[in-house]
Amino acid sequence: MADTESVTESGGPERSVPAPLTAAVFHEILDELRALEGRLFLPDVPLDELSVLEGYKWMFSILAVGLDAHVWADPGRPRFVDIVGPYRKWGGDNADAYYQYAPIDPDRTYIVTGRKGDADYLSLSVYGGPSDGRYSERIVGTINHRALEFSAEGAFSIVLSPEPHDGAWLKLEPDAVCAITRDYLADPVRGRRAQWHIESVDPPATRREDDGHLARRFRATLTWIRDQAAIVPIPLGTPNTVDEPYGVPSQTFGWAAADAAYAMGSYELAEDEALVIEGRSPVCAFWNVCLWNQFLHTYDYAYERVTLNGHQAVYEPDGSWRVVVARRDPGHPNWISTAGHSRGRIWFRWFLPEATPSRPTTRVVPVTDVPVTDVPVTDVPVTDVAGL
């Protein structure tokens, strides 16, 4: 009999576990995933049927991100990995952006290189906080495209280090744990996404894993899952309204951007109703509006337009915009589809705005009464992409 087997009282083989700490937390993760199903049926946060189905997929999205960020991540030899996308929806994703993650050791120096591609807004942010799987508590530093120098081919370089460096440099504070990249494209389907690469200046020669090390990383993944699950599903709040936008924050929780203004709203509509949202965007590098379910992820934008950005929008003659949220196409060029959802969340973001946006107005009307806009898309300039 092999060394890893013993005999049970019933006479059958019983395998001993050569990695007991990792095995124990592995089973805790399985139990936690099973318990997550209960969040789909909370009596005080009712979900429509489509959101329940999306919730089952959301569970595996946060698991996948937790594994990438804590189990597979190696700050000694890091790499950027996608943390949102068409098949990984969570935490406020959108159709216009690519987000990548890399782990950080605050005592090391890293060189980040890349190419801008067709990004209208591009940034790298370093986040600080606990390294045990809990969400980041603050932004250590951020740098966007306006502070970078690009070659004729769009190449750029950034140094992440606790010590000062010439050129583009972000100081690593003692609590730095990760770097997040953002690149937003006016045409994310046909546009060229930015390329990002990170390399440690003095990487370790080898790494040997033991039971305790891997168990700690699995434990961080478990903490990540629990923290993410505690945030959602979010209630609707007052339906068919958009809250007052809040300006670029000096402090933030989680992985929010340091140079964006935001506004959240919600909708709850019958099949023959539409929500008309009217507003005006300040001069900014990029803005968009997204529809989310209550797990903070977008609907399926491979088939329907469920987000709209400032380059896609058709504007009124005075430069304002009118966005229409409805189940079916009302014949308006700024229609975004609810993709069959009877209710959900609305999210606006404005990157590098010259001023905090004014609060958009809302009204519910029959789909057949949606106002028509005849202004061609090329008639009104959309944003000031300064320095690009």
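Small disclaimer: the values here were computed from a predicted structure and weren't measured.

(A) Main features of the overall build of the chain. Helix and strand counts for the chain stand at three helices and 20 strands. Expressed as lengths along the three principal axes of its C-alpha atoms, the size of the chain is roughly 80 × 60 × 35 Å. Considering only contacts within the chain whose residues lie at least 6 apart along the sequence, 78% involve residues at least 24 apart. When the accessible area of the chain is evaluated, it comes to approximately 18,100 Å², of which 52% is carbon and sulfur surface. On the chain, the mean spot of the 35 positive side-chain charges and the mean spot of the 55 negative ones are 1 Å from each other.

(B) Examining the environment of V52 more closely. Among the structural elements, V52 can be located in helix 2 (residues 49-71). Among the residues examined, V52 registers a relative accessible area of 14% and is labelled buried. Not counting chain neighbours up to four residues away, the residues in contact with V52 comprise L40, F41 and L47.

(C) Here's a closer look at the pattern of salt bridges. Inspection of every chain in the model, using the stated rule, returns 19 salt bridges. Here the residues in one salt-bridge network are E28, E32, R219 and R226, joined through shared partners.

(D) A look at the nonpolar core. Ranked by internal contacts, the top residues of the largest apolar core, which has 52 residues, are W90 and W255. A per-element tally of this core places helix 2 first, with eight residues. Setting aside residues up to four positions removed in sequence, W90 forms contacts with W58, S61, I62, V65, I83, V84, Y135, W224, Q228, W255, L296 and H297.

(E) Fine view of helix 1 (residues 20-36). Given a rise of 1.5 Å per residue, 17 residues ought to cover 24 Å, and the 25 Å separating the end C-alpha atoms of helix 1 matches this to within 8%. Taken residue by residue, helix 1 has T22, V25, I29, E32, L33 and L36 as its buried positions. Within helix 1, the buried residues cover an arc of 100 degrees as seen down the axis, which keeps them to one side. Turned more than 90 degrees away from the buried face of helix 1 sit R34 and A35, all of them exposed. Those residues of helix 1 that are buried are in contact with helix 2 and helix 3 (211-231).

(F) Structural view of the confidence of the model for the chain. Across the chain, the average pLDDT comes to 91, with 90% of residues at or above 70. Across residues 1-13, where pLDDT falls below 50, the model places 15 contacts with residues more than four positions away in sequence or in other chains.

(G) Geometry of the pairing of strand 5 (residues 110-115). Burial along strand 5 is one-sided: the residues Y110, V112 and G114 are buried and none of I111, T113 and R115 is. Here strand 5 pairs with strand 8 (residues 155-161) via six bridges, running antiparallel. Residue pairing for strand 8: I111 is matched across the bridge by V159. Both strand 5 and strand 11 (residues 195-200) contribute to a ladder of six bridges, which runs antiparallel. By the bridge assignment, G114 is partnered in strand 11 with W196.

(H) Just the side chain of Q228, in detail. With respect to the secondary-structure elements, Q228 resides in helix 3. Aside from chain neighbours lying at most four places away, what touches Q228 is W58, I62, W90 and Y135.

(I) Geometry of the sheet that holds strand 7 (residues 138-144). One open sheet holds the five strands; their spatial order is 3-4-10-6-7, and the pairing between them is antiparallel. Edge positions in the open sheet fall to strand 3 (81-82) and strand 7, since each of these has one partner strand only. Here two bridges tie strand 3 to strand 4 (residues 97-103), and the two strands are oriented antiparallel to one another. Bridged to V81 within strand 4 is Y101.

(J) The sheet that holds strand 16 (residues 307-309), seen in detail. Taken together, the five strands give an open sheet; going across it, the order is 12-13-19-15-16, and neighbouring strands pair in antiparallel fashion. In the strand order of this sheet, the two ends are held by strand 12 (241-242) and strand 16, each with one partner. Here seven bridges tie strand 15 (residues 286-292) to strand 19 (residues 343-351), and the two strands are oriented antiparallel to one another. Bridge pairing in strand 19 places V289 opposite F348.

(K) Quick peek at the packing of helix 1 against helix 3. Where helix 1 meets helix 3, the closest approach of the two axes is 8 Å, and the angle between their N-to-C directions is 15 degrees. Between helix 1 and helix 3, the angle falls in the class roughly parallel. Crossing of helix 1 against helix 3: the hand is left-handed. Taking contact as the criterion, the partners of P20, L21, T22, V25, E28, I29, E32, L33 and L36 in helix 1 are, on helix 3, D211, G212, L214, A215, F218, R219, T221, L222, I225, R226 and A229.

(L) Representation of the packing of helix 2 against helix 3. The contact between helix 2 and helix 3 brings their axes to 9 Å, and the two run at 145 degrees. Seen along the crossing, helix 2 lies across helix 3 with a hand that is right-handed. Counting all contacts with helix 2, which are made through W58, I62, L63, V65, G66, L67, H70 and V71, the residues of helix 3 involved are L214, R217, F218, A220, T221, W224, I225, Q228 and A229. Of the residues that constitute the contact of helix 2 with helix 3, the class distribution is 12 nonpolar, four polar and one charged.

(M) Expanded view of the environment of G331. Summarising the element assignment, G331 is placed in the loop between strand 17 (321-326) and strand 18 (335-337). Separated by 39 residues in the primary sequence, G331 and V370 have C-alpha atoms spaced 8.2 Å apart.

Criteria and cut-off values
Residues numbered from 1 in each chain as written. Predicted model: local features only at pLDDT ≥ 70, side-chain atom pairs only at ≥ 80, totals over all residues. Heavy atoms only, no water. Helix = DSSP H or I, 4+ residues; strand = E, 2+ residues; numbered from the N terminus. Contact = heavy atoms within 4.5 Å. Areas by Shrake-Rupley, 256 points an atom, 1.4 Å probe, with all protein chains shown as cover. Lys, Arg positive; Asp, Glu negative; His and termini not counted. Charge placed at Lys NZ, Arg CZ, Asp CG, Glu CD. Buried < 20%, exposed > 50% of the residue type's maximum accessible area, 1.4 Å probe, protein only. Salt bridge = Lys/Arg side-chain N within 4 Å of Asp/Glu carboxyl O. Core = buried A, V, L, I, M, F, W, Y, C linked by side-chain atoms within 4.5 Å. Expected span 1.5 Å × (residues − 1). Arc of directions from axis to C-beta. pLDDT = per-residue confidence, 0-100. Pairing = 2+ DSSP bridges. Axes fitted to C-alpha atoms, helices over the stretch in contact; angles between N-to-C directions. Parallel < 35°, antiparallel > 145°, perpendicular 65-115°, else oblique. Left-handed = near helix turned anticlockwise from the far one by under 90°. Nonpolar A, V, L, I, M, F, W, Y, C, P; charged D, E, K, R; others polar.

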